[in-house]
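Breakdown of the fold
Residue strings, one per chain:
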Amino acid sequence: MFDVRLEKVCNAIDNLGYHGMYITNLTNIRYLTGFTGSAGVLLILNNQSYFLTDGRYIQQSKEQVKHSKIHILSSNYFDLIKEHNILSESNLNIGFESTHMSFSYYSNLSNSFPNINWHPTDSIIENIASIKDQFEIDSLKTAIEITDDTFIKIIPEIKEGVTEKYIATKISYLFKMNGAEGDSYESIIAGGPRSALPHARPTDRKFQKGDFIVMDFGALYNGYHADMTRTLLVGNPTDRHKEIYNIVLEAQLNGIATAKADIPCSNVDFACRSIIDKAGYAKLFNHSTGHGIGLEVHTLPRIHKNNNELLKENHVITIEPGIYIPDWGGVRIEDDCLIQKNKCNPLNASTKELIIV
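Residue numbers restart at each chain and count upward from 1, following the sequence in its written direction. Local features in this predicted model are restricted to residues of pLDDT 70 or higher, and side-chain atom pairs are both shown and tallied only at a pLDDT of 80 or more, whereas totals for entire chains, interfaces and linings draw on every residue. Working from all heavy atoms in the structure, the side-chain values ignore hydrogens and water.

1. Side note on the layout of surface pockets
- Here a cavity means grid points, on a 1 Å grid over the protein atoms only, where a 1.4 Å probe fits yet cannot get out; a pocket means an open set of points with protein on both sides within 12 Å along at least five of seven lines; lining residues are those with an atom within 4 Å of a point. Grid points are joined across faces, edges and corners, and a volume is the space filled by probe spheres set on the points. Within this model, the largest pocket holds a volume of roughly 300 Å³.
- Every residue lining the largest pocket is counted, 20 residues in all, and those nearest its centre are Ile188, His199, Asp216, His298 and Glu320.
- By volume, the second largest pocket is sized at about 260 Å³.
- What lines the second largest pocket is a set of 18 residues, and nearest its centre among them are Asn28, Glu126, Glu296, Thr299 and Leu300.
- Contributions of two or more residues to the lining of the second largest pocket are made by helix H2 (26-33), helix H6 (124-129) and strand E14 (299-303).
- Of the residues in the lining of the second largest pocket, the class split is 4 nonpolar, 9 polar and 5 charged. The secondary structure listing takes helices from DSSP runs of H or I that are at least 4 residues long and strands from runs of E that are at least 2 residues long, numbered from the N terminus. Note that Gly is not counted as nonpolar here; it falls among the polar residues with everything else outside the nonpolar set of Ala, Val, Leu, Ile, Met, Phe, Trp, Tyr, Cys and Pro and the charged set of Asp, Glu, Lys and Arg.

See below:
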């Protein structure tokens, strides 16, 4: 698995005319080696991979790191590279992750190795990692199954007088009790007017009759992030509740029906957005339609109106349109979807019928 991933990166580097790549982003290092620690650098040079870390991770790197030579530093990464003569040749062309490296780090790197031609790169590994292998798909499916199961178990707890924080805390507990490592991210549990805030954080506010409750949450499993949103209602729905909910549901289903391999990401966004725009709520859908998921909760590809890149088979993306009415409430519905050759396969099993509590 890791050898295949490294080979893909080596091929991408070769195609750019580079001799190697200096990798500092820990998510990308985990993707290429299996290392889950908090400190490390991966240097790929002439199709050979070198993993550098400190003394805290001697045993962990031996157990986790695959297909890379391991070196343990005593002072800093640059001295360790020099000690092992890894970058001793002159005029090597080496890429670095420009979006993950501070200016001061780059200055120290280039000053320490003035004989190297350093080239900024953008999302080489992220684009490779956006297409999931079977291990990743299986891990995501398990994370999503835990999320679905937790949703079923938490519904009876949601009622008038219960706080947002209580539900968020109980979700975290249920995730771990059901085999997850924990939360993919801090759950968004927002009731009433607060449900109109797309990224609201849970508070001590108690649910009240007439509240929409936006629940955006996901389990973490094997490092892979689920990301699901469902919207519930406290008490009987009014015509307005039904109208807003049904518009968002229609938009989300239209996005799912549109998405498949070789379709531009912008088409999926338009499929959702056009339904909401036609209903007169264009200005109240104020975020992109989705994103990739994987070892981070927001990865490539980006599902928004300006991204004309094509979806590819085994992308796993979210489709999550919403309407947010200030001082009243909001609705968002989100599934994690596996992109296949001729269709989009939603992986969540949770119902999308309006649940009334």
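2. Brief notes about the packing of helix H9 (residues 239-258) against helix H10 (residues 265-278)
- Between H9 and H10, the shortest axis-to-axis distance is 8 Å and the interhelical angle comes to 155°. The angle between H9 and H10 places the two elements in the roughly antiparallel class. For the crossing formed where H9 meets H10, the hand is right-handed. Counting all contacts with H9, which are made through Ile247, Glu250, Ala251, Gln252, Asn254, Gly255 and Thr258, the residues of H10 involved are Asn267, Val268, Ala271, Cys272, Ser274, Ile275 and Ile276. Simply put, an axis is a line fit to the C-alpha atoms, just over the touching stretch for a helix, and the angle between two N-to-C directions goes from 0 to 180 degrees. When an angle is under 35 degrees it counts as roughly parallel; over 145 it counts as roughly antiparallel; between 65 and 115 it counts as roughly perpendicular; any other value is oblique. Less than a right angle of anticlockwise turn of the near helix away from the far helix marks a crossing as left-handed, whereas a clockwise turn marks it as right-handed. Should any heavy atoms of two residues lie within 4.5 Å, those residues are considered in contact.

3. A short note on the sheet that holds strand E8 (residues 188-191)
- Should DSSP find at least two bridges between two strands, the strands are regarded as paired. Taken in spatial order, the 4 strands line up as E8-E9-E12-E20 in an open sheet, and their pairing is mixed. The outermost strands of the open sheet, each flanked by one partner alone, are E8 and strand E20 (355-356).
- With 2 bridges joining them, strand E12 (residues 228-233) and E20 adopt parallel strand pairing. Within the sheet, the bridge partner assigned to Leu232 lies in E20 and is Ile355.

4. As for the nonpolar core
- In this text, buried Ala, Val, Leu, Ile, Met, Phe, Trp, Tyr and Cys residues form a nonpolar core when linked through side-chain atoms within 4.5 Å. Note on classification: 1.4 Å probe, protein chains only; a residue is buried when its accessible area is under 20% of the maximum for its type, exposed when over 50%, partly exposed between these limits. By size, the foremost hydrophobic cluster in this structure holds 53 residues, and its most contacted members are Tyr22, Leu87 and Trp118.
- A total of 5 residues in this core trace back to one element, the largest contributor, which is strand E2 (residues 41-45).
- By size, the runner-up hydrophobic cluster in this structure holds 30 residues, among which are Val248, Ala251, Ala259 and Ile276.

5. Topic: the sheet that holds strand E6 (residues 117-121)
- Ordered in space as E4-E3-E2-E1-E5-E6, the 6 strands form an open sheet in which the pairing is mixed. In this open sheet, the two edge strands, each paired with only one partner strand, are strand E4 (69-72) and E6. Across the sheet, the mean angle separating the axes of adjacent strands is 25° when strand polarity is ignored.
- With 3 bridges joining them, strand E1 (residues 20-23) and strand E5 (residues 93-97) adopt parallel strand pairing. Counted as the bridge partner of Gly20 is Ile94 from E5.
- On top of the sheet, H2 reaches E1, E2, strand E3 (48-53) and E5; it is set at about 60° to E2, its chief contact.

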